[in-house]
Amino acid sequence: MFVVIFRARLAQLDARYSAMAARLRERALSQFGCLEFVAVTEGEEEIALSYWDSEEAIQAWREDSEHQVAQTLGKASWYQDYSVEVAQIQRRYQRGS
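Rules of the game
- Here the residue numbers are simple positions, counted from 1 along each chain's written sequence.
- For this predicted model, a pLDDT threshold of at least 70 governs which residues receive local features, and a threshold of 80 or more governs which side-chain atom pairs are given and counted, while totals over whole chains, interfaces and linings are taken from all residues.
- For side-chain calculations, the full set of non-hydrogen atoms in the structure is used, while hydrogens and water are omitted.
- Here, strands pair whenever DSSP counts at least two bridges between them.
- Strands here are runs of E lasting at least two residues and helices are runs of H or I lasting at least four, both read from the DSSP assignment and numbered beginning at the N terminus.
- Axis definition: a line fit to C-alpha positions, over the contact stretch in the case of helices; interaxial angles, taken between N-to-C directions, run 0 to 180 degrees.
- How far a helix is expected to stretch is found by multiplying one less than its residue total by 1.5 Å.
- Throughout, exposure labels follow a simple rule: accessible area from a 1.4 Å probe, protein chains only, divided by the maximum for the residue type, with under 20% read as buried, over 50% as exposed, and the rest as partly exposed.
- As used here, the arc is the angular range of directions from the helix axis to the C-beta atoms.
- Two residues form a contact once any of their heavy atoms are found within 4.5 Å.
- The definition of a polar contact used here is a pair of N or O atoms within 3.5 Å, where within protein one atom must be able to donate a hydrogen and the other to accept one, and adjacent residues in sequence count solely through side-chain atom pairs.

(A) Region of interest: the sheet that holds strand β3 (residues 45–52). The strand order across the open sheet built from four strands is β2-β3-β1-β4, with neighbouring strands paired in antiparallel fashion. Looking at which strands have only one partner, the edges of the open sheet turn out to be β2 (34–42) and β4 (79–88). Along the sheet, successive strands turn relative to each other by an average axial angle of 10°, direction set aside. As paired elements, β2 and β3 share eight bridges and run antiparallel to each other.

Shown next, in the form of structure tokens:
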């Protein structure tokens, strides 16, 4: 399993951002094999974690045309800066349901 860690310092979010983020999350989960997606915003910082079975699925998502439009808008309007890390999960523990 892999995790994509997206960290951003926000510039200015708007209604278009919220709508696009919701739509893209649903696409990633339903069409690209994303297993789980969690995002948290605190102040000017946003962190999103998405979990995937394979690097191929991550690459397909990265190359999706609608996702690329969102990336362009993020660079131009929504984010001051950002970073993306892809890591392989070696071990996972869970308690409860």
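Right, picking up where we left off after that structure.
(B) Molecular detail of helix α3 (residues 65–78). Taking 1.5 Å as the rise per residue, α3 with 14 residues should run 20 Å; its terminal C-alpha atoms sit 18 Å apart, in good agreement. Along α3, the positions that sit buried rather than exposed are Glu66, His67, Ala70, Leu73, Gly74 and Trp78. Each buried residue of α3 sits inside an arc of 120° when the element is viewed along its axis, so together they form one side. Among the exposed residues of α3, those pointing more than 90 degrees away from its buried face are Ser65, Thr72, Lys75 and Ala76. Looking at the packing, one finds that the buried side of α3 touches β1 (2–10), α1 (15–31), α2 (55–63) and β4. Here α3 starts with a cap whose side-chain oxygen sits 3.3 Å from the backbone nitrogen of Glu66, and that cap is Asp64.

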